[in-house]
Amino acid sequence: MKKNKVLLIVIATIAAVLLISISLFSQNCIETTFLKEVGVVETGYNRGKKVEEYLKVAGAKPGNSWCAAFVYWVYKKCRPEFQLSAPAWSPSWFPNNKIIYNRTKDKEIKALSGDVFGVYYPEKERIAHVGFIYILQDGKYVITVEGNTSSTELTREGDGVFQKIRPKRTIYKISRWK
């Protein structure tokens, strides 16, 4: 009986270590993948070989806005089994059980590289732009990687995948998909 108990503890410990390792591998893959895409640019409005690949993986038509499709494409590259209802729709990335930060409730952002952030647009009355948290800086800024954005402006309708320095105050919600 005592041997069985010890064996169960050992098995449980090994399983926990494996789950943590898989989670860390997945997050590392996500970061590596989104960083490799920095510099992809459109060839036409919401068009281009890579842009259309992002949209296709997310089940969206060529020419659509593609920030959320980019996020989904990255997740599918690292976790082929990953599924999300309406992955090209920005609000889909923020179900209640995945939200780790909400600007209306939380004072401090505690995010990891690979977490998904959303920007709220009052004129659309919803989150209308998403991207990845890359580096959480002390102070007022966060470094992000975003698709369908501009290299110079904080916009939801840009022309490529860029690394941005974004004021923390512009982030409305953050979700974690581990």
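In this text the structure is predicted, and so the values were computed from the model without any measurement.

## Focus: the environment of P87
For step 1, the next point in the chain: Mapped onto the secondary structure, P87 falls in the loop between α3 (67–78) and β1 (99–102).
For step 2, the next point in the chain: A relative accessible area of 9% places P87 in the buried class.
For step 3, the next point in the chain: As a C-alpha pair, P87 and V71 span 16 residues in sequence and 8.4 Å in three-dimensional space.
For step 4, the next point in the chain: Apart from the residues within four sequence positions on either side, P87 is in contact with A58, A68, A69, Y72 and W93.

## Concerning the side chain of E146
For step 1, the next point in the chain: Note on placement: E146 falls in strand β4 (residues 141–149).
For step 2, the next point in the chain: A distance of 3.0 Å separates the side chain of E146 from the side chain of R166, its partner in a polar contact.
For step 3, the next point in the chain: With near-sequence residues (within four places) excluded, E146 lies in contact with F70, F117, H129, G131, G160, V161, F162, K164 and R166.

## Notes on helix α2 (residues 49–57)
For step 1, the next point in the chain: For α2, the complete set of buried residues consists of V51, Y54 and L55. Buried residues along α2 cover an arc of 95 degrees about the axis, so they all sit on one side. Exposed residues on α2 whose side chains face more than 90 degrees from its buried face are K49 and K56.
For step 2, the next point in the chain: On the buried face of α2, the contacting elements are α3 and β5 (160–167).
For step 3, the next point in the chain: Just downstream of α2, G59 is the residue with a positive phi angle, here 75 degrees.

## Some points on the sheet that holds β1
For step 1, the next point in the chain: Reading across from one edge, β1-β6-β2-β3-β4-β5 is the order of the 6 strands in this open sheet, with antiparallel pairing throughout. Bordering the open sheet on either side are β1 and β5, each of which pairs with just one other strand. Neighbouring strand axes in the sheet, compared pairwise and without regard to direction, differ in orientation by 30 degrees on average.
For step 2, the next point in the chain: When β1 meets strand β6 (residues 173–175), the two strands line up antiparallel, connected through 3 bridges. The residue bridging I99 from the neighbouring strand is S175, located in β6.

## Quick word on the environment of S113
For step 1, the next point in the chain: Within the secondary structure layout, S113 lies in the loop between β1 and β2 (116–121).
For step 2, the next point in the chain: With 32 residues separating them along the chain, S113 and V145 place their C-alpha atoms 9.8 Å apart.
For step 3, the next point in the chain: Side chain to side chain, S113 and E31 meet in a polar contact 2.5 Å long.

## Details of the pattern of salt bridges
For step 1, the next point in the chain: In this structure the tally under the stated criterion is 4 salt bridges.
For step 2, the next point in the chain: Among the salt bridges present, the one from E37 reaches K50, with a minimum N-O distance of 3.3 Å. You can see E37 sitting in the loop between α1 (2–36) and α2 and its partner K50 sitting in helix α2, a full 13 residues away along the chain.
For step 3, the next point in the chain: A relative accessible area of 28% means that K50 is categorised as partly exposed.
For step 4, the next point in the chain: Across the salt bridge formed by E146 and R166, the nearest N and O atoms sit 3.0 Å from each other. A residue pair is termed long-range when its members are at least 10 positions apart, and E146 in strand β4 and R166 in strand β5 qualify at 20 residues. Each member of the pair, E146 together with R166, is buried.

Analysis parameters
Residues numbered from 1 in each chain as written. Predicted model: local features only at pLDDT ≥ 70, side-chain atom pairs only at ≥ 80, totals over all residues. Heavy atoms only, no water. Helix = DSSP H or I, 4+ residues; strand = E, 2+ residues; numbered from the N terminus. Buried < 20%, exposed > 50% of the residue type's maximum accessible area, 1.4 Å probe, protein only. Contact = heavy atoms within 4.5 Å. Polar contact = N/O pair within 3.5 Å; in protein donor to acceptor, adjacent residues only side chain to side chain. Arc of directions from axis to C-beta. Pairing = 2+ DSSP bridges. Axes fitted to C-alpha atoms, helices over the stretch in contact; angles between N-to-C directions. Salt bridge = Lys/Arg side-chain N within 4 Å of Asp/Glu carboxyl O.

Everything listed here is a matter of coordinates, which is why it stays silent on function.
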